[in-house]
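A look at the structure
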Amino acid sequence: MDELELELKKLIIEALNLEDLEPEEIESSERLFVEGLGLDSIDALELGMEIQKKYGIKINSETENINKHFASVENLAKFISSEREG
């Protein structure tokens, strides 16, 4: 498992208080919102704030392709990597 993806899974569990879930139980390509993990818009805000704090990335509603970036752990890892490099 990619190190950044594992970090993100742990961050999701901690930030959203999903104590009954282990990082290994979250598939990297699994959808995070509605179906899949079943997160909602409040979870998205909390997760976005935590990602901004931890990785120093600016995220707002006008960020291009924001829904696509937050679709899965895999997509989030790619987004964070590209923002760090850019």
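Please refer to the structure higher up on the page.
Throughout what follows, the structure given in this document is the object of discussion. All figures in this text were calculated on a predicted structure; none of them were measured in a lab.

Things to note about the overall build of the protein
Across its full length, the protein carries 4 helices and 0 strands. Ordered by position from N to C terminus, the α and β elements of the protein give α-α-α-α. The dimensions of the protein, computed from C-alpha atoms along their principal axes, are 35 × 25 × 20 Å. A burial count over the protein gives 41% of its 86 residues as buried. Taken as a whole, the protein presents about 5500 Å² of accessible surface, with 44% of it coming from carbon and sulfur. Charge separation in the protein, taken as the distance between the mean sites of 9 positive and 22 negative side-chain charges, equals 6 Å.

Quick look at the environment of L37
Along the chain, L37 turns up in the loop between α1 (3–15) and α2 (41–55). For the pair L37 and I26, spaced 11 residues apart in sequence, the C-alpha separation works out to 7.7 Å. If near-sequence neighbours (up to four positions away) are discounted, L37 is found in contact with I12, L21, I26, E30, R31 and L32.

Calculation notes
Residues numbered from 1 in each chain as written. Predicted model: local features only at pLDDT ≥ 70, side-chain atom pairs only at ≥ 80, totals over all residues. Heavy atoms only, no water. Helix = DSSP H or I, 4+ residues; strand = E, 2+ residues; numbered from the N terminus. Buried < 20%, exposed > 50% of the residue type's maximum accessible area, 1.4 Å probe, protein only. Areas by Shrake-Rupley, 256 points an atom, 1.4 Å probe, with all protein chains shown as cover. Lys, Arg positive; Asp, Glu negative; His and termini not counted. Charge placed at Lys NZ, Arg CZ, Asp CG, Glu CD. Contact = heavy atoms within 4.5 Å.

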